[in-house]
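# Descriptive structure summary
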Amino acid sequence: MNLQDFLAMEESRERDELIDLRSLDLVSEYDSHLMCPICHCPFVEPVRLQCDHVFCGSCLSSAINSFRSADSDEFPCPSCRNPTQKVSASVPRLLINMCDEIRVLCPLITEGCQEIIPRGHVQSHVEKYCGYRLLPCPDNSCDQMTRSKDVGMDQKCIHKVRRCAHCKENVLEHEYEEHEKELCPVLEVTCADCETVVTRGALQEHIESCPEVAIPCAASKYACPVKIRRADIAAHEQSCPIVAMGPYFETQNARLKSLESSMRHLQQRNEIFEDGLANIRSTLFESTRLGANSHSGGQPPQSDREQQSSARVDAHTDDPADLAAGVFSSNATTYLLSLHESLREEVSQLSHAITDLDARASMAIMNECMRIKEDIAHTNAAVNSVRMQVQWLMNPRLHQGTRGGAVRPSSTESEGTRTNMASSVAGPSHATGQSLGPLRPRRPSDSGREGTKL
Amino acid sequence: MGSIKRISKELTELTESPPEGITVELADESNVYEWKVIMEGPESSPYYNGKFLVKLSLPTEYPFKPPTVSFATKIYHPNVTNDEKGSMCLGMLRADEWKPSSKIAAVLQFARQLLSEPMPDDAVEGRIAEQYKNDRGRYEEVAREWTRKHAC
Ligand SMILES: [Zn+2]
Ligand SMILES: [Zn+2]
Ligand SMILES: [Zn+2]
Ligand SMILES: [Zn+2]
Ligand SMILES: [Zn+2]
Ligand SMILES: [Zn+2]
Ligand SMILES: [Zn+2]
């Protein structure tokens, strides 16, 4: 048939399906070839495509609806994507039978049905045979539902309430018989021991006080084997030696308990001490080994090893004297070691302080130098300005002097006055040269000027 | 609502006998459509030793529409978008190639297979695909680096 017909058929079929076969609980394993690749359940009403792929009819119709492009008469197979136009309802009978044979739980398991049935029979089981299917009450005036197994041969309503003649309680019709025979609290029963007749409700109370019921002796927890009638128990307890011993046992028990608890306490403390001792031992061993190592720094390695092993023996020996000696020697070495350590620390502190001081001193020197350099620059500037002034003051005189000198050779002045003149001219220039001398000893221009002046 | 039954069936199968290097659980116990998958990098790939968180979302039309797979853990791979989505969409995951008969297990195995054998001709990250084709060593180096940084 073509797709349209198939879809129409599926549409109409879905309505008369009561039970969802896919939601059943499967009891048996089934062959994976029986699984629909779309819903992953055993096939339900399978159909076949041209490519021989099989699907549940309903699964295929939803696949067609979601894969077919608007009303074309073709769609891709959900397994192999081959374009498909025809759907065939003729699936091998064998396949359908195998699917129908799969064992499932009755879906009314929620109501109490425990039956396991082939899947093919589920529909009819639920409709006709299941004792837990709900039927309308046979009495037309009652609108309640009844489990089919509760509808008796007499077809009467079980929802009617009947009042118990003894206890005045309201009981459902179909439970009345059970109530009357076994459950009614007013029902009279006889005590199995004293044959007194009491009501069911009071039986428990009676058993607790019945003189005929055998009860154990009060000292049963201290192993009195006697178990006799309540009426006689008082007499027994009077004479029972174990009852007489009772208070003694009790105090003994209490003592044992307190001893046990203190034992436990002591054990805990002991464990703590042992731990502490082990810690101390291991630290001792460490330090003696360290000490041995540092002492034998210069010695040959063989004696080093000897000392180590002896230290180990010391640490492991249980002889208290040896241990004490070990403790003492190791105490001394640890003391020396710590002293060494603190000295080393002091030295490093000192060296720190020294570098600090060094840095500070050089800083101060630098600062001082800067200051002095500035001062010198100031002085230089002052000296320069003074020199300029002197030069300025000297210039006119020098001009005069040269003018006079140029005239003098032609004149008839004596050699003596000329030298006098020259010395008087050179005098002040000498003085400036000398005052500048110590400050700027190598000014070539100065000496040159002096030369020219002389 | 047939899809919920199939999905929970597949989930049970996957948790009872998980495929190699793949563990699945629901992201939220009350929603069977969102799965959290931990995928271990295959030994033969530069993603080895990495544990990648993969999100698998099933459409309500499942199995008639394909699930979507996205890497929540950053991964350097030509077929996984290098953004916060980290989506992977090719081959059987494409809507026009999806078959309702394919199982989620097959989808996850396909995704893991893609880690050891990327498909550069079908890439979403062209640059990585180029590198994968022309400079395999560098690609593996970067992928390993990313794995170490993001997936360990
Ligand atoms: Zn199906
Ligand atoms: Zn097919
Ligand atoms: Zn049943
Ligand atoms: Zn009724
Ligand atoms: Zn009663
Ligand atoms: Zn009695
Ligand atoms: Zn006794």
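Residues numbered from 1 in each chain as written. Chains lettered and ligands numbered in written order. Predicted model: local features only at pLDDT ≥ 70, side-chain atom pairs only at ≥ 80, totals over all residues. Heavy atoms only, no water.

## Points about the overall build of chain B
Per the secondary structure count, chain B includes four helices and five strands. Listed by position from the N terminus, the elements making up chain B come as α-β-β-β-β-β-α-α-α. Here chain B, with 152 residues, has 49% of them falling under the buried criterion. Sequence-distant contacts, at least 24 apart, represent 54% of the contacts inside chain B between residues at least 6 apart. When the accessible area of chain B is evaluated, it comes to approximately 7,600 Å², of which 47% is carbon and sulfur surface. (Helix = DSSP H or I, 4+ residues; strand = E, 2+ residues; numbered from the N terminus. Buried < 20%, exposed > 50% of the residue type's maximum accessible area, 1.4 Å probe, protein only. Contact = heavy atoms within 4.5 Å. Areas by Shrake-Rupley, 256 points an atom, 1.4 Å probe, with all protein chains shown as cover.)

## Side note on the sheet that holds strand 5 (residues 87-88) of chain A
Two modes of strand pairing occur in sheets, parallel and antiparallel, and in both the strands are linked by backbone hydrogen bonds. All names here are of chain A. Read across the open sheet, the three strands follow the order 2-1-5; overall the sheet is antiparallel. The open sheet has two edge strands, strand 2 (54-56) and strand 5, and neither has a second partner. In this structure, strand 1 (residues 46-49) lies alongside strand 2, joined through three bridges in antiparallel fashion. Considered in strand 2, the bridge of Pro46 is made with Cys56. (Pairing = 2+ DSSP bridges.)

## Observations regarding the pairing of strand 4 (residues 68-71) of chain B
All names here are of chain B. Pairing of strand 3 (residues 51-57) with strand 4 involves four bridges; the strand directions are antiparallel. Among the inter-strand pairings, Ser57 is bridged to a residue of strand 4, identified as Thr68. Bridging between strand 4 and strand 5 (residues 87-88) involves two bridges; their strand directions are antiparallel. Considered in strand 5, the bridge of Val69 is made with Met88.

## Comments concerning the interface of chain A and chain B
In this complex, chain A contributes 18 residues to the contact, which on the side of chain B involves 13 residues. Counting each side, the surface lost to burial between chain A and chain B is near 1,300 Å², with a carbon and sulfur contribution of 59%. For the pair chain A and chain B, the number of links is zero salt bridges. For the pair chain A and chain B, the number of links is 11 residue pairs in polar contact (both at pLDDT 80 or more). Of the residues assigned to the side of chain A that touches chain B, the class counts are 11 nonpolar, five polar and two charged. (Buried area = accessible area lost by both parts, 1.4 Å probe. Salt bridge = Lys/Arg side-chain N within 4 Å of Asp/Glu carboxyl O. Polar contact = N/O pair within 3.5 Å; in protein donor to acceptor, adjacent residues only side chain to side chain. Nonpolar A, V, L, I, M, F, W, Y, C, P; charged D, E, K, R; others polar.)

## Let's talk about a nonpolar patch on the surface
Residue and element names in this part refer to chain A. Where nonpolar side chains cluster on the molecular surface, the patch consists of Tyr335, Leu336, Leu339 and Leu343 and spans about 400 Å² of accessible area. Tracing the chain through its elements places Leu343 in helix 10 (residues 320-407). The exposure class assigned to Leu343 is partly exposed, which follows from its relative accessible area of 47%. (Patch = residues over 30% accessible without salt bridge, like charges linked within 9 Å, V, L, I, M, F, W, Y side chains within 5 Å.)

## Some thoughts on a negative patch on the surface
Residues and elements named next belong to chain B. Taken together, the side chains of Glu25, Asp28, Glu29 and Glu34 present a region of like negative charge at the surface. Note that Glu25 resides in strand 1 (residues 22-28). Relative accessible area serves as the criterion here: at 41%, Glu25 is assigned to the partly exposed category. (Lys, Arg positive; Asp, Glu negative; His and termini not counted. Charge placed at Lys NZ, Arg CZ, Asp CG, Glu CD.)

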